[in-house]
Amino acid sequence: MGCSVPKTFVIEDKTEASPFKFKVPGESKVRSLPSLQCLPVGIKVRLSDVVAPIKRASELGREPSAEVNIELVKFQIELIDKYQPGLPDLLTEDMLVQLMTAWAEHSNISVGE
């Protein structure tokens, strides 16, 4: 009975979603963000927590509060800055909305998910 060498489990990344590619006005550089479906679990949980009050308000036929909207925008900025450092400083509010909408559409995700 000899000592056996422990095997190391290797986690496979089976996500095959293509990254979301886009350009910012005034830049020739093509930027990319991972598909929202491919975000790490911790980020998905935080996103779910931020979106939950928006979903509840929608289900009740109400608009979310200003505080809830501010939390969502803060999270979106943090998320974009994680994958494209400095990008939020180049975006107007309208550009942020366009980017988030297109990113969600690319990822086949709606606010309720």
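Things to note about the nonpolar core
Then, number 1: Formed by 22 residues in total, the largest nonpolar core has its most connected members in Phe22, Leu79, Ile80, Leu87, Leu99 and Trp103.
Then, number 2: Contributions of two or more residues to this core are made by strand 1 (20–22), helix 1 (41–59), helix 2 (66–83) and helix 3 (93–106).
Then, number 3: Residue contacts for Leu79: discarding those within four places in its chain leaves Leu36, Leu39, Ile43 and Trp103.

A few points about the side chain of Ser35
Then, number 1: Positionally, Ser35 belongs in the loop between strand 2 (31–33) and helix 1.
Then, number 2: Among the polar contacts listed, one links the side chain of Ser35 to the side chain of Ser107, at a separation of 3.4 Å.

Things to note about the packing of helix 1 against helix 2
Then, number 1: Put simply, helix 1 and helix 2 touch, their axes get as near as 9 Å, and they point 155° apart. As summarised for this structure, helix 1 and helix 2 are arranged roughly antiparallel, according to the angle between their axes. Like other packed secondary-structure pairs, helix 1 and helix 2 cross with a definite hand, here left-handed. Residues Ile43, Arg46, Leu47, Val50, Val51, Pro53 and Ile54 of helix 1 form the contact with helix 2, whose own contacting residues are Val68, Glu71, Leu72, Phe75, Glu78, Leu79, Lys82 and Tyr83.
Then, number 2: Split into classes, the residues belonging to the contact of helix 1 with helix 2 amount to 11 nonpolar, no polar and 4 charged.

Brief notes about the packing of aromatic side chains
Then, number 1: If you walk through the whole model with that rule in mind, you get 1 aromatic pair.
Then, number 2: Between Phe20 and Phe22, the aromatic rings sit 5.4 Å apart at their centres with planes inclined by 20°, giving stacked as the arrangement. The same class applies to Phe20 and to Phe22, which are both buried.
Then, number 3: Directly above the aromatic system of Tyr83 lies the positively charged group of Lys82, at a separation of 5.6 Å from the ring centroid.

A short note on helix 1
Then, number 1: Compared with the 27 Å implied by 1.5 Å per residue over 19 residues, the 25 Å span of helix 1 between its first and last C-alpha is a close match.
Then, number 2: The sharpest bend along helix 1 reaches about 35° and sits at Val51, with the proline Pro53 one to four residues further on.
Then, number 3: When we look at burial in helix 1, the residues that qualify are Ile43, Val50, Val51, Ile54 and Ala57.
Then, number 4: Count one or two residues on from helix 1 and you reach Gly61, which has phi positive near 75°.

Thoughts on the environment of Arg46
Then, number 1: Tracing the backbone through its elements, the reader meets Arg46 in helix 1.
Then, number 2: A residue is classified by how much of its surface remains accessible, and Arg46, at 38% relative accessible area, is partly exposed.
Then, number 3: Placed 29 residues apart in sequence, Arg46 and Phe75 show a C-alpha to C-alpha distance of 8.5 Å.
Then, number 4: Arg46 has contacts with Phe75 and Glu78, leaving out every residue within four places of it along the chain.

A closer look at the layout of surface pockets
Then, number 1: Considered as a void within the structure, the second largest pocket measures approximately 150 Å³ in volume.
Then, number 2: Around the second largest pocket, the lining residues are Phe20, Phe22, Lys23, Val24, Pro25, Leu91, Met95, Gln98, Leu99 and Ala102.
Then, number 3: At the level of elements, strand 1 and helix 3 are the ones that each hand at least two residues to the lining of the second largest pocket.
Then, number 4: By residue number, the principal contributor to the lining of the second largest pocket is helix 3, which donates 4 residues.
Then, number 5: The residue makeup of the lining of the second largest pocket, split by class, is 8 nonpolar, 1 polar and 1 charged.

Cut-offs and rules
- Residues numbered from 1 in each chain as written.
- Predicted model: local features only at pLDDT ≥ 70, side-chain atom pairs only at ≥ 80, totals over all residues.
- Heavy atoms only, no water.
- Core = buried A, V, L, I, M, F, W, Y, C linked by side-chain atoms within 4.5 Å.
- Buried < 20%, exposed > 50% of the residue type's maximum accessible area, 1.4 Å probe, protein only.
- Helix = DSSP H or I, 4+ residues; strand = E, 2+ residues; numbered from the N terminus.
- Contact = heavy atoms within 4.5 Å.
- Polar contact = N/O pair within 3.5 Å; in protein donor to acceptor, adjacent residues only side chain to side chain.
- Axes fitted to C-alpha atoms, helices over the stretch in contact; angles between N-to-C directions.
- Parallel < 35°, antiparallel > 145°, perpendicular 65-115°, else oblique.
- Left-handed = near helix turned anticlockwise from the far one by under 90°.
- Nonpolar A, V, L, I, M, F, W, Y, C, P; charged D, E, K, R; others polar.
- Phe/Tyr/Trp six-rings, centres within 6.5 Å; stacked < 30°, edge-to-face > 60°.
- Lys NZ or Arg CZ within 6 Å of the ring centre and 35° of its normal.
- Expected span 1.5 Å × (residues − 1).
- Bend = angle between axes of the 7 residues up to and from the residue.
- 1 Å grid on protein atoms, 1.4 Å probe; cavity = no way out; pocket = protein on both sides within 12 Å on 5 of 7 lines; lining within 4 Å.
- Points joined across faces, edges and corners; volume = space filled by probe spheres on them.

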